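Tertiary structure, described
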Amino acid sequence: MKAVVFDFDGLIIDTETVWYESYKEVFEAYQIDFHWELFVNCVGTDDSALNQYIDEKVVNLEVCRDDIKRQAKELHKQKMKAVPMRDGVQDYLNEAKSLGLKIGLASSSKREWIEFFLNKLQIGEYFEAISTGDQVEKVKPDPTLYLRTLELLEVAANESVAFEDSSNGAKAATRAGMKCVIVPNELTQFLTFEKYDLRISSMSEMSLEQVIQHFN
């Protein structure tokens, strides 16, 4: 094993559960139902399904999609001030360095979004290659983000392992030919994951070295 590649949202820091809570609160203000099942299908990919749902629900209201998303974004920003990195993430990054592994990041989110949190968490220096949704034509579950990251790291798919929290992300990693460890968060823990190689509840459950030994 020569490299590890991490997803970002929901894996390194749980932005996703907070997004769901934020949208739910905004929708409730307009007496609109917002079910977990709808939002969770957007996790790890783009907002197409969410945008369509908003457009359908606000058609007879004096509010538009941009208003809903702006309010949710403002609420999300406030809530995220109190959200730390997920358990074990810092340990995995340190272990990867000590084991001589290359470290990459592959996310469907935009580069600006990722860099904001990497700077806030002070972990940007760990990543040798970063691929984001605004750098590719197709996001997860398409494998392009992972394939691009592997190319930048100059490692083969069978020499690397991906860490994901969503089914869309797991599909992308396995389609790229990588080993995939799923680490679901509070929102995605009830999802059905079709293909993966190992599942852990958090990165504090198992050390990175133990994960590597599992695959070796």
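Residues numbered from 1 in each chain as written. Predicted model: local features only at pLDDT ≥ 70, side-chain atom pairs only at ≥ 80, totals over all residues. Heavy atoms only, no water.

Time to look at the side chain of Asp-7. As for its placement among the helices and strands, Asp-7 is situated in the loop between β1 (3–6) and α1 (15–29). Among the polar contacts listed, one links the side chain of Asp-7 to the side chain of Lys-140, at a separation of 2.9 Å. Apart from the residues within four sequence positions on either side, Asp-7 is in contact with Ile-12, Ala-106, Ser-107, Lys-140, Tyr-146, Phe-163, Glu-164 and Asp-165. (Helix = DSSP H or I, 4+ residues; strand = E, 2+ residues; numbered from the N terminus. Polar contact = N/O pair within 3.5 Å; in protein donor to acceptor, adjacent residues only side chain to side chain. Contact = heavy atoms within 4.5 Å.)

Turning our eyes to something else, we now look at a positive patch on the surface. Judged by side-chain charge, Lys-73, Lys-77, Lys-81, Lys-110 and Lys-120 come together as a positively charged surface patch. Inspection of the secondary structure assignment puts Lys-73 in helix α4 (residues 65–80). Overall, the relative accessible area of 55% leaves Lys-73 in the exposed class. (Patch = residues over 30% accessible without salt bridge, like charges linked within 9 Å, V, L, I, M, F, W, Y side chains within 5 Å. Areas by Shrake-Rupley, 256 points an atom, 1.4 Å probe, with all protein chains shown as cover. Salt bridge = Lys/Arg side-chain N within 4 Å of Asp/Glu carboxyl O. Lys, Arg positive; Asp, Glu negative; His and termini not counted. Charge placed at Lys NZ, Arg CZ, Asp CG, Glu CD. Buried < 20%, exposed > 50% of the residue type's maximum accessible area, 1.4 Å probe, protein only.)

Turning next to the sheet that holds strand β5 (residues 179–182). On the basis of which strands lie adjacent, the open sheet formed by six strands has the order β3-β2-β1-β4-β5-β6 and parallel pairing. Across the chains shown, the open sheet's two edge strands, defined by having one partner strand only, are β3 (129–131) and β6 (198–199). Bridging between strand β2 (residues 102–106) and β3 involves three bridges; their strand directions are parallel. Along β3, the bridge assignment pairs Gly-104 with Ala-129. Of the strands in this sheet, β1, β4 (160–164), β5 and β6 are in contact with helix α9 (residues 208–215), which crosses β4 at around 125°. (Pairing = 2+ DSSP bridges. Axes fitted to C-alpha atoms, helices over the stretch in contact; angles between N-to-C directions.)

Counted according to the given criterion, the structure contains 18 aromatic pairs. Aromatic pair Phe-116 and Phe-117: ring centres 5.1 Å apart, planes at 85°, arrangement edge-to-face. Within the aromatic cluster, the residues linked to one another by ring pairs are Phe-8, Trp-19, Tyr-20, Tyr-23, Phe-27, Phe-34, Phe-39, Tyr-53, Trp-113, Phe-116 and Phe-117. (Phe/Tyr/Trp six-rings, centres within 6.5 Å; stacked < 30°, edge-to-face > 60°.)

To continue, consider the packing of helix α5 (residues 89–98) against α9. Close contact between α5 and α9 brings their axes to 9 Å; oriented N to C, the two are set at 65°. Residue-level inspection shows Tyr-92, Glu-95 and Ala-96 of α5 in contact with α9, the latter providing Leu-208, Glu-209 and Val-211. For the contact of α5 with α9, the per-class residue count stands at four nonpolar, no polar and two charged. (Nonpolar A, V, L, I, M, F, W, Y, C, P; charged D, E, K, R; others polar.)

Looking at the element boundaries, Ala-157 is found in the loop between α7 (144–153) and β4. Separated by 123 residues in sequence, Ala-157 and Phe-34 place their C-alpha atoms 38 Å apart. Setting aside residues up to four positions removed in sequence, Ala-157 forms contacts with Leu-150, Ala-176, Gly-177 and Met-178.

Time to look at unusual backbone geometry. Here the amide bond leading from Lys-140 into Pro-141 is cis, since omega sits at 15°, within 30 degrees of zero. If you trace the backbone, Pro-141 turns up in the loop between β3 and α7. Phi is positive for Gln-122, close to 60°, though the residue is something other than glycine. Looking at where Gln-122 falls in the secondary structure, it is placed in the loop between α6 (111–121) and β3. You can call Gln-122 exposed: its relative accessible area is 67%.

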